[in-house]
Amino acid sequence: VGILYNLSYELMILEVGLSFQPLQLPYKSYSTLLTHCWFKTLWEKCDAYKIKVETHNVPLKFFRERDDWLMQAFIEAGYSGNDLIQLGKVRVYQQAIFISDVFGADGRLIDERYLEARPQEELWSTLRFPKENPSKRAFRLWARALKEVKAFRAGRLGKVINDGHKIWHWRLDPESNRLLHQAGETVEVYINLRANVYIKSADAPQAQFDGKPCSVQTMSPSRVRLRGSLDSAPRDDPPEDFLEVLQSWGHTWLWKRIKLTGNTDWIAEAIRHNTLVAVTDGSYIKEIHPNLCSAAFFLECSAGRGKLLGAFPEKSLCANAFRGELLGLMAIHLILKAVNQIDQQLEGSAKIVSDCLGALGRVSKLPPHRIPSRCKHSDILKNILVNCNDLSFERVYEHVDAHQDDDKEWDQLTREAQLNCACDSGAKRVIHGCAADELPRQRPFPLESICVFVEGEKMTSDTGSHIRFAAQLQLAKQFYNRHGVLTTRQFNQVDWLSVYTTLHGLPRLFRVWACKQVMNIAPTNQNLARRDGRCATCPSCGMHAETTEHVLTCPEEGRVKAFLAAVDTLEEWLESVDTDPVLQYCIVEYLRGRRAVSMMDIARETYAPRLARLGQSQDEIGWTRFLEGMVSKELLRLQTSYIAKRRRPVLTAHRWIVGLITRLLEIAHGQWIYRNFVVHDSIAGTLATQAKEVLQAELETQLELGADGLLEEDKYLLEVNLGNLEESNGDTQAYWLLAIRTAREAASIRRSTAPSAAHEPP
């Protein structure tokens, strides 16, 4: 399956013809260039959800200096839409992909054979192109487009820098000054007539098709003019030692701290004599950098031939101690791979030592073909499996107990234990040496063929949850922008990962309330007025229309006191969890300002330049959104920097930001509790007061009627003490009102059914 995917991806590159990384191109602009397939659907999703797929094993490179994609040249010439689609079909049929493919060897003139349709039986490329059947109109458009490309690209191509895919049917033999033409299975020989003119020779012996690639201009069926020839691509000298091999693989960030003692071939000698010991240890200090782990490794010959040590950090959402151990094991395997590449017949053994049994077991027992899906740290394991599983020498894995120097003297430790302790110290030093605001960005590993980046973070394990989060983030950005909740600029300032983490730790009904609050669909008076026509003003202040935003900013005295009391509680919590004092001051004062003061103004008061970005970012988001939990990314960055300098922080930065967002939402929810008490309290609430006003009017009406219409046995109702309506919930008065209405109705019925005096018997 992997081979088929790889083949399909390479065909996608050839068909689109615009980039070595086609999945990073804008889908809407160039999707019409690609036949509908699985990779096209993948491309659409990657573009829509801003997922970056980066490949490193594409066997295709530019042929000449200043070369470029031919389709890009057509776009620069002004072609688009259906014309660009037709040009793409002809290009695929002509088996061309770069500008250098359609130009001759001189780099100034178009290779004349590309102006005509390629005979179907001929191959013009060593690559396997998709099948196309362009129309005659498309070929006429192609010929015109090539002439336009020639007009502004001629003479720009430089010397050959890589082996190309184009099949050159003409060769120049410099020694004999002859031209050789591949015509089917025969080789035609052209001898020099004068200057650059060559004539076909019928008497020349059969020659081997070899020499410099060249291009010619046909003068007659037997005469051509040489237009230029090309030298072969320069050959890189093979690496002389394993360090050069490591450099040739690229992505050298793992090797920046390498220190080598001895010459460069001592590792091979140690393997050959079974004296190589490779020890590694990883480190992870969550309280300092929750998204950073590190590894240190130490290679030593027990016979004293040499030493090599190194260490490196890696930023990752999946950072933990186990990943640090695996990183160290991968680094050792890559070094051994580089040594084996220099001497491919190397025999012997290397001892690989770690204090993590789990990591040793995982690496020593890798499956033969593929890493299972949803396997944690699959990027590391896959790199070892694919690239380091075919070493010519034996690898022996050995476990050593960790931290033995805690209860033993140094000279009491075995050499493997000493090296492990040294690696442990080296890995910790790397973490302590990383500033919180300057953590290294995630980069591919050496020899890693493909990487997936979501929101700038490399996917290292099962990618499902991360990709779903990224997709939902893009959909939310469009939704909020469309409904006027947040602009794109505001949205990009919010620490959505922390918001997401916080909300998923809260009760479901609380999350429902938060959604209604943000979207202004909660049952405020303004929203209810659209349904039943009630008054839309705030029940507390009576001055403004009641929206979800107004619930948080109502100036009524009781609400303000409740809000400030909640902020005081937040301040106590911030102090208890060892918040950066300056940051705590900014948060508390910003809340107490109730939109009257900006975060930037508060930041200026602190005279702390590091808070400038926070002020700008949070002011962009807004005070109301801040109270709804939409905090700036700068808050986490600042608290992380502060915690990194503390010996024993109370909370990690991530737990701190989750606690802050939770308490901000609780403050906002507290305003709703106050509002609902004002509206729904059975005695003094707004709705109860309105009902009591109606009830009081009816009571007064019944009392004014007095005993009129009542039967004698019901007149006692007028003597009942109804009490003070303002100090009760009105139930007693409502029951009395129901009783007296019933009594009047009963009296009316009795009078209407009683016989009149005129009809009484004598």
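Structure shown above.
In what follows, the accompanying structure is described. Each residue is numbered by its place in its chain's sequence as written, counting from 1. Residue-level local features of this predicted model are given only where pLDDT is at least 70; pairs of side-chain atoms are given and counted only at 80 or more, and the full residue set underlies all totals for whole chains, interfaces and linings. For the side-chain quantities, the full set of heavy atoms in the structure was used; hydrogens and water were omitted.

Below, the discussion takes up the overall build of the protein. Runs of H or I in DSSP of at least four residues are treated as helices and runs of E of at least two as strands, each being numbered from the N terminus. Secondary structure assignment for the protein yields 28 helices and 15 strands. A compact globule built from 762 residues would reach a C-alpha radius of gyration of about 27 Å, whereas the protein, at 40 Å, exceeds it by more than 25%. Its C-alpha atoms give the protein principal-axis dimensions of about 160 × 85 × 60 Å. To sort residues, take the accessible area from a 1.4 Å probe on protein chains only and compare it with the maximum for the residue type: under 20% means buried, over 50% means exposed, and anything in between is partly exposed. Scored against the burial criterion, the 762 residues of the protein give a buried share of 48%. The contact criterion used is simple: two residues touch if any of their non-hydrogen atoms lie within 4.5 Å. Considering only contacts within the protein whose residues lie at least 6 apart along the sequence, 68% involve residues at least 24 apart. Here the accessible surface of atoms and residues is derived via Shrake-Rupley with a 1.4 Å probe, and residues count as covered only by protein chains that are part of the display. Total accessible area computed for the protein in this model is approximately 39000 Å², and 50% of it derives from carbon and sulfur atoms. Positive charges come from Lys and Arg alone, negative charges from Asp and Glu alone, with His and the N- and C-terminal ends not counted. Just so you know, the charge point we use is NZ for Lys, CZ for Arg, CG for Asp and CD for Glu. Charge-centre separation for the protein: the mean point of 93 positive side chains lies 7 Å from the mean point of 95 negative side chains. Atoms counted for the radius of gyration: C-alpha only. Globule rule: 2.2 Å times the number of residues to the power 0.38.

Looking now at a nonpolar patch on the surface. Taken together, the side chains of Leu317, Leu497 and Tyr500 make up a nonpolar region of the molecular surface, amounting to roughly 230 Å² of accessible area. For Leu317, the location among the structural elements is in the loop between strand E11 (307-315) and helix H10 (321-342). Each patch is assembled from residues with relative accessible area greater than 30% and no salt bridge, linking like charges that lie within 9 Å and nonpolar side chains (Val, Leu, Ile, Met, Phe, Trp, Tyr) that lie within 5 Å. Here a salt bridge means any side-chain nitrogen of Lys or Arg lying within 4 Å of a carboxyl oxygen belonging to Asp or Glu.

Pairing is possible between side chains of opposite charge, provided their charged atoms come close. Summed over all chains, the structure comprises 34 salt bridges. The shortest N-O distance in the salt bridge between Lys45 and Glu44 comes to 3.7 Å. Here Lys458 ties to Asp379 by a salt bridge, and the two come within 3.5 Å at their closest N and O atoms. Taken together, the positions of Lys458 in strand E15 (residues 457-458) and Asp379 in helix H12 (residues 378-388) put the pair 79 residues apart, joining distant regions of the chain. This pair shows no difference in class: Lys458 is buried, exactly as Asp379 is.

With that settled, the discussion passes to the nonpolar core. Throughout this description, the term nonpolar core refers to a set of buried Ala, Val, Leu, Ile, Met, Phe, Trp, Tyr and Cys residues connected via side-chain atoms within 4.5 Å. Trp496, Ile587, Leu591, Leu635, Trp656 and Leu660 are the most contacted members of the largest nonpolar core, which totals 56 residues. Take this core: its biggest share by element is 10 residues, from helix H26 (residues 653-680).

This part takes up a positive patch on the surface. Among the surface-exposed residues, Arg108, Arg194, Arg225 and Arg227 lie close enough to one another that they form a single positively charged patch. Among the secondary structure elements, Arg227 is positioned in strand E7 (residues 223-229). Take Arg227: its relative accessible area is 32%, and that puts it in the partly exposed class.

Mapped onto the fold, Asp578 is located in the loop between helix H20 (557-576) and helix H21 (581-592). For Asp578, a relative accessible area of 17% corresponds to the buried category. Those residues in contact with Asp578, other than ones at most four positions away along the chain, are Gln639, Tyr642, Arg646 and Val650.

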